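# Chain and residue survey
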Amino acid sequence: MANLQSSYDLFIDGAFIKAENGAVLDVFNPATGEKISQIADASEADVDRAVASARKAFESFRHTTTATRSEILLKIADIIEQNAQFLAEVETMDNGKPIRETLNVDVALSVEHFRYFAGVIMGEEGSSNILGNNNLLSIVLREPIGVVGQIIPWNFPFLMAAWKLAPVIAAGDTSVLKPSSETSLSVLELMRLIKDVLPKGVVNVITGRGSKSGEYLKNHEGLDKLAFTGSTTVGRDVGLAAAKRIIPVTLELGGKSANIIYADADIQKALDGVMLGILFNQGQVCCAGSRIFVQDEIYDKFVEKLVAKFKSVKVGNPLDPSTQMGSQINEKQAKKIIEYVEIGVKEGAKIAVGGKISSAGKTFVEPTLLSEVRNDMCVAQEEIFGPVGVLIRFKDEAEVIKLANDSKYGLGGAVFTRDINKALNTARAMETGRVWINTYNQIPAGAPFGGYKESGIGRETHKMILNHYTQVKNIMIDLSGKPSGFYEVK
Ligand code: NAD
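Residues numbered from 1 in each chain as written. Predicted model: local features only at pLDDT ≥ 70, side-chain atom pairs only at ≥ 80, totals over all residues. Heavy atoms only, no water.

## Considering the environment of K97
Keep this limit in mind: Numbered from the N terminus, helices here are DSSP runs of H or I no shorter than four residues, and strands are runs of E no shorter than two. Polar contacts, as used here, are pairs of N or O atoms within 3.5 Å; protein pairs need one atom able to donate a hydrogen and one able to accept it. Residues neighboring in sequence count only if both atoms are side-chain atoms.
Relative to the elements of secondary structure, K97 occurs in the loop between α3 (84-95) and α4 (99-123). Linking K97 and I437, residues 340 residues apart in sequence, is a C-alpha distance of 26 Å. Of note is the side chain of K97, whose polar atom sits 2.7 Å from the side chain of D106.

The structure is reproduced here in structure tokens:
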């Protein structure tokens, strides 16, 4: 088990400092209920200090060379890799997710993410063009946007920090990052590990309550951009705060994604895809394949096989490398998930498997499937954010596309079939930002990730996010060597 500090301070201007009023919040291991540390509960004055530090750092960091920033990103990736086991343990203790996920997904993908951005900025070339009467040279430059307020959720604390920080550093911006008060430890440990490779003030971490420091950060006058990952409810407010100040915003929000299983699918791959879609990270995944559409002719057999698979999942101590599903983030969330199951049953759904708090503990939920669900039921429309898949029958391609798109969200989704035309036609018809074919929940760096509809604005994990973290400067040069003659008297 990782050795945690008994308390963690704010990270501002390259140093750890106490919250101005000394306020702290207790941190618990969700799996055991044990108090494991404390974090600072930042005040308005602390947010002001962090923004001022980011502003000061921006004045010099904006002028660093691409090569320098690439080198910083590579060093961060190396440090994460060298401390992978430790960081994975911290994440597991703070969040409750199984160690095999934190090590092989959260931490491993973060390393890849920093390396990806280190690489793409070295290949960036900008653009230029000859316009006008063959005499105007137009140069398009991208310049860093400035100080970015970044707010991230508790479901992938370390990975979401990597998704936010790598492009900020790559672009030459500076950040005030606010992790969720539920899960701040891994990013604070990362700051401790990388503080000597990052110029002071480039990244500042403010911990504490969303309703307090988050709210204040969101409305801060000193920001040039906001970037938010979290619920659609809070995301809408972040968007409004940005609109009031006329600054850009990127939003990565909730989802209720469709996982479509056609009758001609490779059944073993489809079973695996359903499990990857809804059990990974205890179902606390924005793009979780939570609506499982199964074609009529295979529905009964497929559900039977799926139930057997769900029963075989090992739920328990997240630090045990053989554990496949760990703890939900807290007891309140686990209870909310069970309440959704009860709502589903009232609406007419059947519990095919699970549906209860697991014997592993009060924050653990059994892998659950609700069968005979209709797409208009509450359990098919609202984000449950737990290991609860709803099974919906469909007849044909046209029907399933209509049902899949009947959602206010549009983040992820998948199609399982052996027919390439059907796979691509369904994928193209789905109103969603990411469609997997014959797999689920793969999120490597290098492919754009983000939502349609109420799932967000912008795309991360691809170089196109750099467009959101920079602004365009156009320089136009007259090459004619003589006056335009426009005002000459004839
Ligand atoms: P949340 O919206 O409750 O909180 C997200 C962050 O916002 C936290 O840091 C929180 O402290 C902060 N916050 C809360 N209230 C605030 C306020 N009034 N002002 C400013 N900040 C505030 O979300 P959560 O419960 O932490 O995370 C789960 C949600 O995140 C789910 O809806 C999930 O789908 C979404 N999510 C989306 C993506 C994506 O890439 N689209 C990725 C991960 C999670």
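## Some details on the site of the ligand
How we decide: Any residue with a heavy atom positioned within 4 Å of a molecule or strand is treated as near that molecule or strand. What sets the accessible areas is the Shrake-Rupley method with a 1.4 Å probe; for residues, cover comes only from the shown protein chains. In this analysis, the protein atoms alone were mapped onto a 1 Å grid. Cavities are point sets where a 1.4 Å probe fits without being able to get out; pockets are open sets with protein on both sides within 12 Å along at least five of seven lines; lining residues have an atom within 4 Å of a point. Criterion for pocket placement: a molecule counts as inside a cavity or pocket if more than half of its atoms are within 2 Å of its grid points.
Surveying the vicinity of the ligand reveals 26 residues, the closest of which are I152, E215, S231, L253 and E383. Within the backbone of S180, an N or O atom sits 3.5 Å from an oxygen atom of the ligand. A distance of 2.7 Å separates a nitrogen atom of the ligand from a polar side-chain atom of E215. Its free accessible area being 850 Å², the ligand has 88% of it covered by the protein chains. In this structure, the ligand is accommodated by the largest pocket.

## Considering the packing of aromatic side chains
Applicable threshold: The criterion for an aromatic pair is that two Phe, Tyr or Trp rings (for Trp, the six-membered ring) have centres within 6.5 Å, with stacked assigned to planes under 30 degrees apart, edge-to-face to planes over 60 apart and tilted to the rest. Per-residue accessibility, obtained with a 1.4 Å probe over protein chains only, is compared with the maximum for each type, and a residue is labelled buried under 20%, exposed over 50%, and partly exposed between these values. Whether a charge sits over a ring comes down to the Lys NZ or Arg CZ being within 6 Å of the ring centre and within 35 degrees of the ring normal.
One pass over the structure, following the stated rule, counts eight aromatic pairs. Note on F11 and F16: the rings are 5.0 Å apart at their centroids and 50° apart in plane angle, and the pair reads as tilted. Classification of F11 by relative accessible area gives buried; the value is 2%. The interplanar angle of 35° and the centroid separation of 6.0 Å between the aromatic rings of F156 and F280 together place this pair among those described as tilted. On the criterion of sequence distance, the pair formed by F156 in the loop between β7 (147-151) and α5 (157-171) and F280 in the loop between α9 (267-278) and β13 (291-295) is long-range, its members being 124 residues apart. Against the face of Y469 rests K225, its NZ or CZ located 5.0 Å from the ring centre. The ring of Y262 has K422 sitting right over it, with the charged end atom 4.5 Å from the ring centre.

## Considering the pairing of strand β18 (residues 413-416)
Our working definition: At least two DSSP bridges between two strands are required for those strands to pair. Here is how to tell: hold the view so the strands point away, follow the path from the first strand over the helix to the second, and if it runs clockwise the crossover is right-handed.
The alternating pattern of β18 places G413 and V415 on one face and A414 and F416 on the opposite face, and all of these are buried. The pairing of strand β12 (residues 258-261) with β18 spans four bridges and is classified as parallel. Bridging across to β18, I261 finds its partner in F416. In this region the chain leaves β18, passes through helix α14 (residues 420-429) and returns to the parallel neighbour strand β19 (residues 436-437); the handedness of that crossover is right-handed.

## Looking at the side chain of S186
Basically, it comes down to this: The contact criterion used throughout is that any non-hydrogen atoms of two residues lie within 4.5 Å.
Inspection of the secondary structure puts S186 in helix α6 (residues 185-194). For S186, a relative accessible area of 0% puts it in the buried group. Excluding its chain neighbours within four sequence positions, the residues that come into contact with S186 are L87, V90, E91, D94, P157 and F158.

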